[in-house]
There are 2 protein chains.
Amino acid sequence: MLTVFGTIALDTTRTPFRTQSHVLGGAATFAALSSSFFTRTGIIGVIGSDFPPRYREILDNRIDTKGIVKDTTGRCFHFDSSFDYDLSHRTANRTELNVIADFKPIVPLEYGDSEYLYLANNDPIQNMEILEYFPNTKLTICDTIEYWILHNPNAVSKMISQVNGVVINQEEARLLCREYNLVKCAKYIMSLGPEFVVIKKGENGALFFLEDMIFPAPAFPLDVVVDPTGAGDSFAGGFFGYLAQQNKKTLGVMKEAVIYGNVMGSFAIQDFGVSALLTLSRMDIQDRYERYRDMVSFG
Amino acid sequence: MLTVFGTIALDTTRTPFRTQSHVLGGAATFAALSSSFFTRTGIIGVIGSDFPPRYREILDNRIDTKGIVKDTTGRCFHFDSSFDYDLSHRTANRTELNVIADFKPIVPLEYGDSEYLYLANNDPIQNMEILEYFPNTKLTICDTIEYWILHNPNAVSKMISQVNGVVINQEEARLLCREYNLVKCAKYIMSLGPEFVVIKKGENGALFFLEDMIFPAPAFPLDVVVDPTGAGDSFAGGFFGYLAQQNKKTLGVMKEAVIYGNVMGSFAIQDFGVSALLTLSRMDIQDRYERYRDMVSFG
């Protein structure tokens, strides 16, 4: 089982073409929905009194939601952001922490034997507390975001030293490492402890680093992008979900996992919010994986 | 034979680490030196009275320079630019056209049966005049730059309609097509006439388009970049040089050509100006090609 800890949000996303208000979002939501295509997935997070029953139903149908706490004293975490015309630059308009501000996560007894743990965009201190509930994981991966790198860099570094792998955006990797070159960034992050690092580059794909080995993987090219929200989290869910499904950490499997991550990220951005992930079948994923493989093969 | 038409320059390049003044540069120089590892290459261009004999010797030793005109009434084309600390953003400080302002290119008789023609960053009208000297090429490829897209977009489109392929930077493709999405940009460019398009993305590699087929190819990852000048032109030289060497336009050969382009671009940026290209052997290129192939293979 793969346990995902992170935000479950209501997102307001504004693109030049359309605005959607208070739709299902959050790093844990995207990552868990994405990984659920590959492996049994549980989620740990908090929702508020305004979380629509239909969203709860979506989650209940696809993932183990015993780890979701409903805090009826407050409203959901809400993130309001706008994309430019090119859909590549996001501006945060408003972030309302609401119920996540004082959330004390509870790890359901059934999650305790989870072999795989994904710590998404939470406070690194909270992530490290969660880690203590999972002493026997085969693999733990974390992400982090600009906010924590700026506000508590020491805790971010300490958290990174306690995980097996890091999945991180290029902008955040550069900020964390105070270095532009991504190969150097990855070396620095691995010097803190992790065996591997994935640097996500949005429309330019991802770079996977394992010891001295580098695997650069371009994104699946798309001519229509609707909403880039959740692409990186869907990548993480596909990457980690496939690793959990295969239950192996060979270089070959990890490379395949990066491609499944790319594939899941490419689906996520083809519709607003989580919509594209909800209409997807395992066959669609396999088809796109194989199209990708044919596309990039040569020589 | 591959004929390259474009600028031969003296570049002043300033990075936060080092400044080099009036060193050998120019789009045609980089492209021709790069392609010379794969196929016999001739160059058409103009130099001024201040072109150092040692640079002339470098060119004479590696490429056919019968097409170089020495204009003793003026100085060489000079481009002065600075890179940011991250070596990814270039600012033009000064562009002195000098002898290229009134250059009337001369096509040596020996170049007339050239089967391959590369039209680099010149005035599109001049490029089209050159095209008329080569009625029997198997393949003609052009590039273009911001200056011509802004100053004579109609001529750029007309030039594009007369070639088989276009190699262009992502920024310039977006400017030319008034479109952010690169898949749409490539479709637009192909709608003007060319069979294929390569969009160069710097540290993020390249996208190759042939009809409905897309080949995304990441850059060869490097942890030390010295001077990005000439990377795109070296890419074009490697790509086109390999196509000329193979003398085939199958999809498989074109994909391999993109990788050789990436490999040549990666070498170019490891030293100032053309220096890295001058110390390179055919074996170095083959080794890096094979390392790249192993690196990106999976599944």
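Residues numbered from 1 in each chain as written. Chains lettered and ligands numbered in written order. Predicted model: local features only at pLDDT ≥ 70, side-chain atom pairs only at ≥ 80, totals over all residues.

Colleague: So what's going on with the overall build of chain A? Residues and values would help.
Modeller: The number of helices and strands found in chain A is 11 helices and 13 strands. What you see for chain A is a C-alpha radius of gyration of 18 Å, in line with the 19 Å of a compact globule of 299 residues. Summarising its shape, the C-alpha atoms of chain A cover approximately 60 × 45 × 35 Å along the three principal directions. The burial tally for chain A puts 49% of its 299 residues in the buried class. When contacts within chain A are restricted to residue pairs at least 6 apart in sequence, long-range pairs at least 24 apart make up 66% of them. (Helix = DSSP H or I, 4+ residues; strand = E, 2+ residues; numbered from the N terminus. Rg over C-alpha atoms; globule rule 2.2 N^0.38 Å. Buried ≥ 20, exposed ≤ 12 C-beta atoms within 10 Å, placed from the backbone. Contact = placed C-beta atoms within 7 Å.)

Colleague: Pulling in residues and values, what's your account of the interface of chain B and chain A?
Modeller: By a frequent convention, interface size equals the accessible area lost on bringing the separate parts together. Each partner contributes to the interface: chain B provides 28 residues, whereas chain A provides 28 residues. Elements with a minimum of two residues in the side of chain B that touches chain A: helix H7 (182-191), strand E13 (213-217), helix H9 (251-268) and helix H11 (282-296) of chain B. When grouped by side-chain class, the residues that make up the side of chain B that touches chain A number 15 nonpolar, 6 polar and 7 charged. (Nonpolar A, V, L, I, M, F, W, Y, C, P; charged D, E, K, R; others polar.)

Colleague: Give me the relation of the copies chain B and chain A: which residues, what numbers.
Modeller: For the pair chain B and chain A, the best superposition has an RMSD of 0.0 Å and corresponds to a rotation of 180° with a translation of 0.0 Å parallel to the axis. Here the transformation between the copies is reduced to the relation of a two-fold axis. Interface overlap between copies is the fraction of interface residues in one copy that are interface residues in the other; for chain B against chain A it reaches 100%, indicating a shared surface. (Least-squares fit on C-alpha atoms with pLDDT ≥ 70 in both.)

Colleague: An account of the sheet that holds strand E5 (residues 64-71) of chain A is requested, with residue identities and associated values reported.
Modeller: Strand pairing in a sheet takes place through backbone hydrogen bonds and is either antiparallel or parallel in direction. Residue and element names in this part refer to chain A. With mixed pairing, 9 strands are arranged side by side in an open sheet as E5-E4-E1-E8-E9-E10-E11-E12-E13. Edge strands, defined here as strands with exactly one partner in the open sheet, are E5 and strand E13 (213-217). Between one strand and the next, the sheet's axes are offset by a mean angle of 15°, whatever the strand orientation. (Pairing = 2+ DSSP bridges. Axes fitted to C-alpha atoms, helices over the stretch in contact; angles between N-to-C directions.)

Colleague: Any chance you could break down helix H9 (residues 251-268) of chain A for me, citing the residues and the numbers?
Modeller: An α-helical segment advances 3.6 residues per turn. Residues three or four places apart therefore align on the same side. With 18 residues, H9(A) should reach 26 Å at 1.5 Å per residue; the first-to-last C-alpha distance of 26 Å fits that figure. Across the 18 residues that make up H9(A), a large majority, 13, are buried. (Expected span 1.5 Å × (residues − 1).)

Colleague: I'd like a rundown of the confidence of the model for chain A, residues and numbers included.
Modeller: Summary statistics for chain A give a mean pLDDT of 95 and a share of 100% for residues scoring 70 or more. Per the prediction output, this complex has pTM 0.95; the corresponding ipTM is 0.93. (pLDDT = per-residue confidence, 0-100.)

Colleague: Outline the packing of helix H6 (residues 170-177) of chain B against H7(B), listing residues and values.
Modeller: Angle between the axes and distance between the axes are the two parameters that describe a pair of packed helices. Residues and elements named next belong to chain B. H7 packs onto H6 with a crossing angle of 65° between their chain directions and a minimal axis gap of 9 Å. Remark: the crossing between H6 and H7 carries left-handed chirality. Note on element contacts: H7 touches H6 through Leu 182, Cys 185, Tyr 188 and Ile 189, opposite Gln 170, Ala 173, Arg 174 and Cys 177. Of the residues in the contact of H6 with H7, the class split is 6 nonpolar, 1 polar and 1 charged. (Left-handed = near helix turned anticlockwise from the far one by under 90°.)

Colleague: Which residues make up the packing of H9(B) against H11(B), and what values do they have?
Modeller: All names here are of chain B. At their nearest, the axes of H9 and H11 sit 10 Å apart, and the two run at 115° to each other. Handedness of the H9/H11 crossing: right-handed. Side by side, H9 and H11 meet where Ile 259, Tyr 260, Asn 262, Val 263 and Ser 266 of the first sit next to Ile 285, Arg 288, Tyr 289 and Tyr 292 of the second.

Colleague: Tell me what's going on with the environment of Met213(A), and back it up with residues and numbers.
Modeller: Secondary-structure assignment places Met213(A) in strand E13. Linking Met213(A) and Lys248(A), residues 35 residues apart in sequence, is a C-alpha distance of 18 Å.

Colleague: Now, about the sheet that holds strand E12 (residues 206-210) of chain B: what can you tell me, with residues and values included?
Modeller: All names here are of chain B. What the 9 strands build is an open sheet, ordered E5-E4-E1-E8-E9-E10-E11-E12-E13; its pairing is mixed. The sheet is open, and its two borders are formed by strand E5 (64-71) and E13, each paired with just one other strand. Pairwise comparison of adjacent strand axes, ignoring direction, gives a mean angle of 15° for this sheet. As defined by bridge partners, strand E4 (residues 41-48) adjoins E5 across 6 bridges and the pair is classed as parallel. Looking across to E5, one finds that Val 46 is bridged to Val 69.

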